[in-house]
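Close look at the chain arrangement
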Amino acid sequence: DDEGHVRLSADPGRRRFVAGALGVAAGTVAAIGVRPLDAFAQSSDAISFGDGELFMLGDGRMRLPVGFLVPESLPTAERNAALALAGIDDDVVERPLNVTLWRREEHTVLFDAGSGSQFLDGTGRLAESLEVAGVDPTEITDVVFTHAHPDHLWGVLDDFDDLLFTEATYHIGAREHDHWMDDATLARTPEERQGFVVGAQNRLPLIDDRLRRFRGGEELLPGIEAIDSFGHTPGHTSFVLHAEGGDPIMVIGDALVHGVLSFAQPALPFSGDEDSDAAVATRRVLLDRLAGDGMRAIGYHLQAPGLGRVERDGDAYRWVTG
C-alpha cells in the first residue's frame, strides 16, 4: 500500500512475506538488501548422542534491521550501550537459523521445519542441509515445533506447496497451537505481524491429521522432554534431550536469541518477543538452570551451529560455544 506495508492474502502461494512478516517497512528491507542464496554455506555439524547422532543443520541466514534485535524505543543511552556490548555498529544484524536433527535407531526427529521458500531471501536452505547430511526428507519420522513463527513452521511445505516431510508425525504445544488457530488471533495482532498468523493458519490445518498436541512436562517421544518457555510466543517450548550414557542437551528455540545480549542482559527487551515480561522471566529461569546444571544447549539463532554452554558471569551469564 501507500505506506510501504506488504498486504497479505490468505493464500499460502509462493511469494515471500518479507516486510509484513517481520514487522518492518518494505522500504527498509529493500534498502539493506539481501545476499544471494548461494552465499550461505550449509552446515551439517554432528555429534554422537545416545544411540545415534545429533545434527545442527543450517536453514540459511536472515538479515534484519538492528531494531528487530534491540528496540528503538529504548532510551538512547541504554540502547547504545547494548549495541556496543553486542559489537553491533551497523544498521543490519545477520542471524543464523540452526535446525536440530536427532537421528537414532527408532526415530529421526527434526526440531522445527525451517523457513521454506516463501519467507526471507537467504533462508529456506534446510532441504539442502539435509542432503549434505545424507538424510532424505522421507526419513523424518517426527517434526517437533518449538513454536510457529515463519522460520520454524513454514518449511513444512516444499516449493510446490506440498508437504516436505511426508512420513512424519508432527508435534506442537497445545497452547501454541490454540493461539495461532484462534479466530481472534488475527484481529488482535498488529497489522505488520499479521503475516505470521496467516502463514500459521494456512499451514497447521495441512498437517492436522498427523499433528499431536502436547503439554509442558510431557515426554512426547522417548528421551524428549517438553519444557514450557513461554514469552517469545504464548506457547513457546524448549526440549531437553535425554540419552543413555550421555549428558542431556536442551533445544532452546528462540528463548535465547543473541550470543551476548540474551546472556549478559537477560532483562533487555527483544522486539521479536510477543510477551516481553514473560520472555524475560523465561530467560532468567533457563539461564539459571543451564548454568547450574552445566547442560549444553542448541539455540536456533545463536552463532552457527548453535551448540554451547551457559556460564555464570557475576550477576549475569555468558555463552560459550562448542
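Our subject is the structure that appears above.
Heads up: these notes are all about the structure in this document. Computed from a predicted structure; not experimentally measured. (Residues numbered from 1 in each chain as written. Predicted model: local features only at pLDDT ≥ 70, side-chain atom pairs only at ≥ 80, totals over all residues. Heavy atoms only, no water.)

**What about helix α10 (residues 276-293)?**
- In this model α10 runs 26 Å from its N-terminal to its C-terminal C-alpha over 18 residues, within 8% of the 26 Å that 1.5 Å per residue would give.
- All of the buried residues along α10 are Ala 279, Val 280, Thr 282, Arg 283, Leu 286, Leu 287, Leu 290 and Ala 291. Looking down the long axis of α10, one finds its buried residues gathered within 160° of arc, a one-sided arrangement. Exposed side chains of α10 directed beyond 90 degrees from the buried face belong to Asp 277, Val 285, Gly 292 and Asp 293.
- Of the surrounding secondary structure, the elements contacted by the buried residues of α10 are β10 (237-243), β11 (246-253), α9 (261-264), β12 (296-299), β13 (307-313) and β14 (316-321).
- Looking at the residues trailing α10, positive phi occurs at Gly 294, about 65°. (Helix = DSSP H or I, 4+ residues; strand = E, 2+ residues; numbered from the N terminus. Expected span 1.5 Å × (residues − 1). Buried < 20%, exposed > 50% of the residue type's maximum accessible area, 1.4 Å probe, protein only. Arc of directions from axis to C-beta. Contact = heavy atoms within 4.5 Å.)

**Let's talk about the sheet that holds β11**
- Across the sheet, seven strands lie side by side as β8-β9-β10-β11-β12-β13-β14; this open sheet has mixed pairing. Single-partner strands in this sheet number two, and they are β8 (219-221) and β14. Between one strand axis and the next, the sheet turns through 35° on average, direction left out of account.
- Across two bridges, β8 lies against strand β9 (residues 224-228) in antiparallel orientation. Within β9, the residue paired with Glu 219 across the bridge is Glu 225.
- Sheet strands touched by α10: β9, β10, β11, β12, β13 and β14. Its angle to β13, the strand with the most contacts, is close to 95°. (Pairing = 2+ DSSP bridges. Axes fitted to C-alpha atoms, helices over the stretch in contact; angles between N-to-C directions.)

**Some details on the pattern of salt bridges**
- Counted by the stated rule, this structure contains 13 salt bridges.
- In this structure, the salt-bridge partner of Glu 94 is Arg 63, at a minimum N-O distance of 3.7 Å. With Glu 94 in strand β3 (residues 92-103) and Arg 63 in strand β2 (residues 52-65), this residue pair connects regions lying 31 residues apart in the sequence.
- Residue Glu 94 is classed as partly exposed on the basis of its relative accessible area of 27%. (Salt bridge = Lys/Arg side-chain N within 4 Å of Asp/Glu carboxyl O.)

**Section: the packing of aromatic side chains**
- One pass over the full model with this rule turns up seven aromatic pairs.
- Through successive ring pairs, a cluster of aromatic residues spans Phe 111, Phe 214 and Phe 239.
- Of note, Arg 175 hangs over the ring of Phe 230, and the distance from its end group to the ring centre comes to 4.1 Å.
- Positioned over the ring face of Phe 196 is Arg 193, at 5.9 Å from the centre of the ring. (Phe/Tyr/Trp six-rings, centres within 6.5 Å; stacked < 30°, edge-to-face > 60°. Lys NZ or Arg CZ within 6 Å of the ring centre and 35° of its normal.)

**Focus: the pairing of strand β6 (residues 169-173)**
- Burial analysis of β6 places four of its five residues in the buried class, the great majority of the element.
- Pairing analysis gives three bridges linking strand β5 (residues 142-144) to β6, with the strands arranged parallel. Note on β6: the bridge partner recorded for Val 143 is Tyr 170.
- Pairing between β6 and strand β7 (residues 211-214): four bridges, direction parallel. Each residue of the ladder has a partner; that of His 171, found in β7, is Arg 212.

**Considerations on the side chain of Thr 233**
- Following the sequence through the fold, Thr 233 ends up in the loop between β9 and β10.
- Thr 233 gets classed as buried once you look at its relative accessible area, which sits at 1%.
- A polar contact is formed between the side chain of Thr 233 and the backbone nitrogen of His 236, at a distance of 3.2 Å.
- Residues contacting Thr 233, with those up to four places away along its chain left out, are His 147, His 149, Glu 176, Trp 180 and Glu 274. (Polar contact = N/O pair within 3.5 Å; in protein donor to acceptor, adjacent residues only side chain to side chain.)

**Here we look at helix α3 (residues 76-86)**
- Taken as a whole, α3 has its buried residues at Arg 79, Ala 82, Leu 83 and Ala 86. Down the axis of α3, the smallest arc covering the buried residues is 95°, so these residues share one side. Along α3, the residues that are exposed and aim more than 90 degrees away from the buried face are Ala 77 and Ala 84.
- Packed against the buried residues of α3 are α9.
- Taken from the residues just after α3, Gly 87 is the one with a positive phi, measuring 70°.

Geometry only, nothing functional implied.
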